[in-house]
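# Structural description and commentary
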Amino acid sequence: MRKELTRLFVVYLALIAFLALTVALSFTPSPFNSLFGLLIAFTKASLVLLFFMELRKSSNLIKLVSTIGPLWLLLLFLIASLDLGMRV
Amino acid sequence: MDDSKFSLQPNTNHYSTNAKLGMWIFLTTEVLFFGAVFFLYSAYRFTYPQTFAVASNYLDILLGSINTCILLTSSFSMACAVHLVRLEKRKTTILALLATAGLGFIFLCIKGYEYYDKYKRHLLPGFGFISPKSNPPHLKLFFSLYLTGTALHAVHVLMGILIILYFVLRMTVTKKTFVEATDLTGLYWHFVDLVWIFLFPLFYLLGRNS
């Protein structure tokens, strides 16, 4: 029990550390701020998915279903961006 | 459908893969639901990058950061509740669930204050929006997206709080633990946290260095 709770707490501390990092980075003069912000957001999301939502312990079927949503979203972004980019 | 890898605790017989699968499919529809808002945001942000960078500075980064911290903490307490309920520790589970709901409520209060502040400054579209003179056009677009994205998210937080309180009440009255219900509520709550993890940098952290 204690081991699992400790693991969750470590993940929580990592999430807070990433939050502090992303806020600090947003004030630094760099053209890649938004990119860093998004990369950190994806890292935080991965931690929540793997440890809090227990994807790492889930069956392959659940893992498959959990990737479908983001995949459809990627398709939506790609196709709709093509339309936007090609407008005259 | 072997789900044996999932359960580490003795309560494996309570667990239904079907229910978990159903929840994940529901969350997939939610990804697409919020995805539309995120796409709209991206499309306008690439069209009006300057406006978005300026508009972001009107949002309170301190309150946004505190709210992110609160939501991450609530996710942690929810994960603890899910762990504790599998060990049949009813009282500590109820405490962890109440902490989660309480943190969610504080999040909503801060969000409410932010909306009130924007309303006072005439920056809330649909509630007497007046664009500040010295600013680039299309400022209203940013605030419309901000209001849509965060309000939809806030409704999800509210729903999560109500669901948690419902199960806390049932656990208190029946003196039983609801392993599956707590687990599925946990998945929903973590998803709500995930949405905020992306909303926060997109709306609050833009253009801070300019």
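For the structure, check the block above.
Throughout what follows, the structure given in this document is the object of discussion. Chains are numbered independently. Their residues run from 1 in the order of the written sequence. Working convention: letters from A go to chains and numbers from 1 go to ligands, in the order in which they are written. Under the rules for a predicted model, residues below a pLDDT of 70 receive no local features and side-chain atom pairs below 80 are neither given nor counted, while totals for whole chains, interfaces and linings still include all residues. Just so you know, side-chain values use all the structure's heavy atoms and leave hydrogens and water out.

## Considerations on the interface of chain A and chain B
Across the contact, 49 residues belong to chain A and 50 residues belong to chain B. What gets called buried area is simply the loss in accessible area from a 1.4 Å probe that two parts show on being joined, summed for both. Per-residue buried area on chain A facing chain B is highest for Met 53, Lys 57 and Ile 62 of chain A; these three make up 14% of the total on that side. Within this document, salt bridges are pairs made up of a side-chain nitrogen of Lys or Arg and a carboxyl oxygen of Asp or Glu, the two lying within 4 Å of each other. Our enumeration of links across chain A and chain B arrives at 1 salt bridge. As a salt-bridge pair, Glu 54 of chain A and Arg 86 of chain B come within 2.7 Å of each other at their nearest N and O atoms. In protein, a polar contact requires one atom able to donate a hydrogen and another able to accept it; more generally it is a pair of N or O atoms within 3.5 Å, and residues adjacent in sequence count only if both atoms are side-chain atoms. Our count for the chain A to chain B interface comes out at 5 residue pairs in polar contact (both at pLDDT 80 or more). Helix and strand assignments come from DSSP, with helices taken as H or I runs of at least 4 residues and strands as E runs of at least 2, each series counted from the N terminus. Every element with two or more residues in the side of chain A that touches chain B is listed here: α1 (2-26), α2 (33-52) and α3 (60-85) of chain A. Whether two residues are in contact is decided by their heavy atoms: any pair within 4.5 Å suffices.

## Quick notes on a nonpolar patch on the surface
By definition, no residue in a patch forms a salt bridge, and every one has over 30% relative accessible area; like charges are joined within 9 Å, nonpolar side chains (Val, Leu, Ile, Met, Phe, Trp, Tyr) within 5 Å. Per-residue accessibility takes into account occlusion by the displayed protein chains alone, with areas from the Shrake-Rupley method and a 1.4 Å probe. A contiguous nonpolar patch, built from Leu 64, Ile 68, Leu 71, Trp 72, Leu 74, Leu 75, Leu 78 and Ile 79 of chain A together with Leu 32 of chain B and spanning about 870 Å² of accessible area, is present on the exposed surface. Relative to the assigned elements, Leu 32 of chain B resides in helix α1 (residues 17-47).

## Quick word on the pattern of salt bridges
For side chains bearing opposite charge, pairing can occur when the charged atoms are close. Counted by the stated rule, this structure contains 9 salt bridges over all chains. A salt bridge links Asp 117 of chain B to Lys 118 of chain B, with the nearest nitrogen and oxygen atoms 3.3 Å apart. The network of salt bridges with common partners includes Glu 4, Arg 7, Glu 54 and Lys 57 of chain A together with Arg 86 and Asp 183 of chain B.

## Some points on unusual backbone geometry
With a phi close to 60°, Glu 54 of chain A is a non-glycine residue in the positive phi region. Residue placement: Glu 54 of chain A occurs in the loop between α2 and α3. With a phi close to 55°, His 122 of chain B is a non-glycine residue in the positive phi region. Its location among the elements puts His 122 of chain B in the loop between α4 (90-120) and α5 (139-174).

## Quick word on the environment of Leu 76 of chain A
Residue placement: Leu 76 of chain A occurs in helix α3. Judged by relative accessible area, Leu 76 of chain A falls into the partly exposed class, the value being 38%. Aside from chain neighbours lying at most four places away, what touches Leu 76 of chain A is Gly 35 and Phe 39 of chain B. Under the scheme applied here, a residue whose accessible area is under 20% of the maximum for its type counts as buried, over 50% as exposed, and between as partly exposed, the area being computed with a 1.4 Å probe on protein chains only.

## Overview of helix α2 (residues 49-56) of chain B
Looking only at α2 of chain B, the buried set comprises Thr 51, Phe 52, Ala 53, Ala 55 and Ser 56 of chain B. Buried residues belonging to α2 of chain B abut α1, α5 and α6 (179-204) of chain B.

## A word on the side chain of Lys 111 of chain B
Within the fold, Lys 111 of chain B resides in helix α4. When residues no more than four places from it in sequence are discounted, the contact partners of Lys 111 of chain B are Asn 67, Tyr 146, Thr 150, Trp 196 and Tyr 204 of chain B.

## Notes on the nonpolar core
As used here, the term nonpolar core means buried Ala, Val, Leu, Ile, Met, Phe, Trp, Tyr and Cys residues forming a set that is joined through side-chain atoms within 4.5 Å. Within the largest apolar cluster, 84 residues are counted, with the highest numbers of intra-cluster contacts made by Phe 52 and Met 53 of chain A together with Trp 24, Phe 142, Phe 143 and Phe 203 of chain B. Considering each element in turn, this core owes the most residues, 17 residues, to α6 of chain B.

## Some remarks on the environment of Asp 193 of chain B
Position of Asp 193 of chain B relative to the elements: it lies in helix α6. Taking the relative accessible area as the measure of exposure, Asp 193 of chain B reaches 1% and is therefore buried. When the C-alpha positions of Asp 193 of chain B and His 153 of chain B are compared, they lie 9.2 Å apart, and in sequence the two are 40 residues distant. Not counting residues within four places of it along the chain, the set of residues in contact with Asp 193 of chain B comprises Val 48 of chain A together with Leu 71, Leu 72 and Ser 75 of chain B.

## Observations regarding the packing of α2 of chain B against α5 of chain B
Residues and elements named next belong to chain B. Interaxial angle, 0 to 180 degrees, is taken between N-to-C directions of lines fitted to C-alpha atoms, where a helix line uses only the stretch in contact. The interhelical angle for the contact between α2 and α5, taken along N-to-C directions, is 60°, at an axis separation of 9 Å. It follows that α2 is oblique to α5 by the angle criterion. In the packing of α2 onto α5, the handedness of the crossing is right-handed. Residues Thr 51, Phe 52, Ala 55 and Ser 56 of α2 form the contact with α5, whose participating residues are Leu 139, Phe 142, Phe 143 and Leu 145. In these notes the angle categories are as follows: under 35 degrees is roughly parallel, over 145 is roughly antiparallel, 65 to 115 is roughly perpendicular, and the rest is oblique. Handedness of a helix crossing follows the sense of rotation of the near helix relative to the far helix, less than a right angle counterclockwise being left-handed and clockwise being right-handed.

## As for the packing of aromatic side chains
The description of an aromatic ring pair rests on the distance of the ring centres and on the angle between the ring planes. Residue and element names in this part refer to chain B. Ring geometry is summarised as follows: Phe, Tyr and Trp rings, the Trp one being its six-membered ring, pair when their centres sit within 6.5 Å, and such pairs are stacked at plane angles under 30 degrees, edge-to-face over 60 and tilted between the two. Here the structure, examined in full by the defined rule, presents 24 aromatic pairs over all chains. Ring centres of Tyr 166 and Phe 167 lie 5.1 Å apart, and the angle between their planes is 65°; on these two criteria the pair is classed as edge-to-face. When its relative accessible area of 44% is taken as the criterion, Tyr 166 is described as partly exposed. Cluster of aromatic residues (ring-pair linked, three or more members): Tyr 41, Phe 52, Tyr 58, Phe 107, Tyr 115, Phe 142, Phe 143, Tyr 146, Trp 196, Phe 200, Phe 203 and Tyr 204.

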